[in-house]
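Close look at the chain arrangement
What follows is the residue order along each chain.
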Amino acid sequence: MSNVVSYQIVDNIGVISVNNPPVNALAQVVRAGILEAVTAAQSDATDALVLRCEGRTFIAGADITEFGKPPQGPGLPEVLGAIENSVKPVIAAIHGTALGGGFEVSLACHYRCAIASAKVGLPEVKLGLLPGAGGTQRVPRIAGVKVALDMIASGNPIAAEKAKALNLIDEVVAGDDVQAGAIAYAKELVASGAPLKRIRDITIDPATVEPGFFEAARKQLAARARGQIAPDRIVSCIEAAVGQSMDAGLDRERELFMELVTSPESAAMRHIFFAERQAAKIKDLPRDTPLREVKKVAVIGGGTMGGGIAMCFANVGIQVVMVEINDEALARGLGIIEKNYAITMKKGKLTEAQVAQCMGAISGTTDYADLADVDMIIEAVFENLELKKEIFAKLDAVCKPGAILASNTSYQDIDAIAAATKRPQDVLGMHFFSPANVMKLLEVVRGEKTADDALATAMAIGKKIGKVCALSRVCYGFIGNRMLGGYGRESQMLLLDGCTPAKVDAALEGFGMAMGPLAMGDLAGLDVGYKAREGRTDLPNDPKLYRMGTVLVEMDRFGQKTGAGFYKYDPATRARMNDPEIEALIKSEAAALGVEQREVSDQEILERCLYPLINEGALILEEGIAQRPSDIDVVYVFGYAFPAPKGGPMHYADHVGLKNVYDKICEFRDRYGEEYWKPAPLLEKLAKEGKTFAQWGAEQEQSLR
Ligand code: 3H9
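Residues numbered from 1 in each chain as written. Predicted model: local features only at pLDDT ≥ 70, side-chain atom pairs only at ≥ 80, totals over all residues. Heavy atoms only, no water.

**Let's talk about the sheet that holds strand β3 (residues 48-53)**
Consider a sheet: its strands pair through backbone hydrogen bonds, and that pairing is either parallel or antiparallel. We apply this condition: Between any two strands, at least two bridges found by DSSP are needed for them to pair. Runs of E in the DSSP output that reach at least two residues are strands. Runs of H or I that reach at least four are helices, and both are numbered from the N terminus. What counts as an axis is a line fitted to C-alpha atoms, over the stretch in contact for a helix, and the angles between N-to-C directions run from 0 to 180 degrees.
In space, the 6 strands of this open sheet follow the order β1-β2-β3-β4-β6-β9, with mixed pairing throughout. Edge strands, defined here as strands with exactly one partner in the open sheet, are β1 (5-10) and β9 (171-173). Direction aside, neighbouring strands of the sheet carry axes that sit 25 degrees apart on average. Where strand β2 (residues 13-18) and β3 come together, 6 bridges link them in parallel fashion. Pairing of Ile 13 across the sheet is with Ala 48, part of β3.

Laid out in structure tokens, this is it:
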């Protein structure tokens, strides 16, 4: 038997144990080990077999690192065949998370039991894939096509009790000891002469499926696909499970799985999976850097941002104190939180008891002296450096030694804020994205003097509150907002060149962005950008620059909040509508500025908006603001709704080819001038060497070893 799969006999039950940390992924050695154990057990004296795992979880899926490499036998179907055809019952014993290929292994077993804390799921869609080892065929056979579609197209895990109610598992065993529970369950099955239940023997009667079910599902999924092809293929597989033999369905599943696993969309989404985990690691900090204890947190500022941040902590049971300047502002802040929780409850995402528990974790004060015992303070007041410095000086005076002092600033200089205290080692940035209780990204900003343990603690606490963390050094706008500059600028320049707002946004939404840049400007408020530009002396003196944004603000069209911006908004539904008045105004502004309007292709819109992201990303890498290209991708996918099937701006650049990106930027430089289009030296170098950002990132990582 291999090191990773062992076999022992307990009370006449053969126990096959998988031990492949960290998540018992189905690497070749695991597949081979299970196959060998099941085959050998066919002729021993046992009555039944239990398949279980060591460590924190049941098998969490195929080994994703093996995709794209030459396959090594045995394949998963062969292993599943051996389990399903076993002459004695095989019982899967699930703890932790049985995911993807892991859950599919359990579906080939004759029975599935789990402890109550376990979850099962088929998350392949999140990697741009579909379950490729029978999941699309076996789940509809036991739970029906609707449950199968919900489960597989969402990729969300299902807790044990609910999984039992849906017939996805057979038994929830008592206690935490899954092996003991499974052995007892196996003995019961043997004693009662339970049959060898093979899911493959079930046939789904087409008459049980509502007419038009699959067409409707396809339509619904297409509406929110944002460049993903997997949801459509998932519908096709489940459709193939109806009325057909298992083998025909499996053939269809294999065919479509192969299409997806070799697609650029899945490669991009797998890149994001690993990038997310990589981003949590700080290159020059050992993994065992000691952490500071964070039991109580304070949030300064009870606005939308502060309230959202407070909710993040309360949601995981950490005590939070909200600080406001007076009782009225405090009551308003706490009121907004209460309202937000009420909405969450209405949506069925939290129970009344859970909301009460979260609200119980939040208190308020107007007195800084109450912050003497907090472990971490996050300042979330409006963007004014002087005000922030004042607050940090006050915190310095009252907070206990070692408390982490964080600012949620989007732009301000963390080092200048740190200098307002006598403990710059405890100061850092924690940049949340709005709405803070929903958006996944947290940019953690490392100041010049931030201590290692403070930084490691901020990253760990970010993970604890469910955020995806990415590290940034100090610069104007940090990684994400700094890169946005050229994206917003070009979206407005394109209007003068001849596009309507709808044309620009449609091109980017077609690419997969959740919202085009101009609609996004309307949502954020055009006055915000206008005010931010007022104080800047570094922008080119060009009347074309942000012309339309400026004109609209001067017309009091601030965007959604005033009912009009680049678009008009229906007051009742907030639906956006094209505004012929603005389209005419753009034309007259272009004429006044002497810009000759022309037909602009969608391709040019994409290049002009997306390539500045890539170019600025390259500068950010050279300057060491971001640790790695994949961290930038994480920032954009989780903070700016960049489509995951494109993998983030740097992965996308690699896909397009850095030489192509570089050549296009040079072309734009020649057309529009160097003040807007100046190729980053790193981009130029890699383009000329024929390399990718990914290769450069790997070389940098290697040089540290
Ligand atoms: C599939 O199954 C296809 C089949 O249908 C068909 C086949 C024919 N492979 O997330 P964590 C690594 S597709 C390789 O931080 P947690 C991860 O990179 C698969 N590596 O832990 C990290 O490495 P490092 C369907 C994997 O406790 C380490 O393990 N399954 C895999 O927060 C710890 O990961 C999925 O999509 C893998 N499958 O969460 C499940 N999974 O330490 C994917 C993890 O070097 N996995 N790693 O950074 C997860 O969702 C989470 O890892 C899990 C644990 C919830 C299990």
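**Considering the site of the ligand**
Worth spelling out the cut-off: Proximity is defined per residue: any heavy atom of the residue falling within 4 Å of a molecule or strand makes that residue near it. By the criterion applied in these results, polar contacts are pairs of N or O atoms within 3.5 Å in which, for protein atoms, one can donate a hydrogen and the other can accept it, and in which residues neighboring in sequence qualify only through two side-chain atoms. Under the convention used here, a 1.4 Å probe and the Shrake-Rupley method define accessible areas, while residue burial counts only the protein chains that appear. For this classification, Asp, Glu, Lys and Arg are treated as charged, while Ala, Val, Leu, Ile, Met, Phe, Trp, Tyr, Cys and Pro are nonpolar and the rest, including Gly, are polar.
Of all residues adjacent to the ligand, which total 27 residues, the nearest are Arg 56, Glu 104, Glu 124, Arg 277 and Lys 281. The separation between a nitrogen atom of the ligand and a polar main-chain atom of Ala 60 is 2.9 Å. Lys 281 is positioned with one of its side-chain polar atoms (N or O) 2.6 Å from an oxygen atom of the ligand. Across the complex, the protein chains shield 77% of the 1000 Å² of accessible surface that the ligand would expose by itself. Ranked by residue count, the leading element in the shell around the ligand is helix α11 (residues 264-279), at 3 residues. Partitioning the shell around the ligand into residue classes produces 14 nonpolar, 5 polar and 8 charged.

**Points about the pattern of salt bridges**
Heads up, the rule is: By convention in these notes, a salt bridge is any Lys or Arg side-chain nitrogen within 4 Å of a carboxyl oxygen on Asp or Glu. Relative accessibility decides the category of a residue: with a 1.4 Å probe and only protein chains considered, values under 20% of the type maximum give buried, values over 50% give exposed, and everything between is partly exposed.
For the structure shown, the criterion picks out 55 salt bridges. Measuring nitrogen to oxygen at the nearest pair gives 2.7 Å for the salt bridge that ties Arg 233 to Asp 232. Judged by relative accessible area, which is 19%, Arg 233 ranks as buried. A salt bridge links Glu 293 to Lys 295, with the shortest nitrogen-to-oxygen separation between them at 3.7 Å. Comparing Glu 293 with Lys 295 shows no difference in burial state: the two are exposed. Connected through shared salt-bridge partners, Arg 489, Glu 490, Asp 497, Arg 598, Glu 604, Glu 607, Arg 608, Lys 664, Glu 667 and Arg 671 make up one network.

**Things to note about the packing of helix α2 (residues 76-84) against helix α3 (residues 101-108)**
Our working definition: To sort the angles, those under 35 degrees are grouped as roughly parallel, those over 145 as roughly antiparallel, those from 65 to 115 as roughly perpendicular, and the leftovers as oblique. The contact criterion used throughout is that any non-hydrogen atoms of two residues lie within 4.5 Å.
Two numbers describe how α2 lies on α3: the axes approach to 8 Å, and their chain directions differ by 30 degrees. Considered as vectors, α2 and α3 are oriented roughly parallel to each other. Of the residues in α3, those in contact with Leu 76, Leu 80, Ile 83 and Glu 84 of α2 are Gly 101, Glu 104, Val 105 and Ala 108. Considering only residue class, the contact of α2 with α3 consists of 5 nonpolar, 1 polar and 2 charged.

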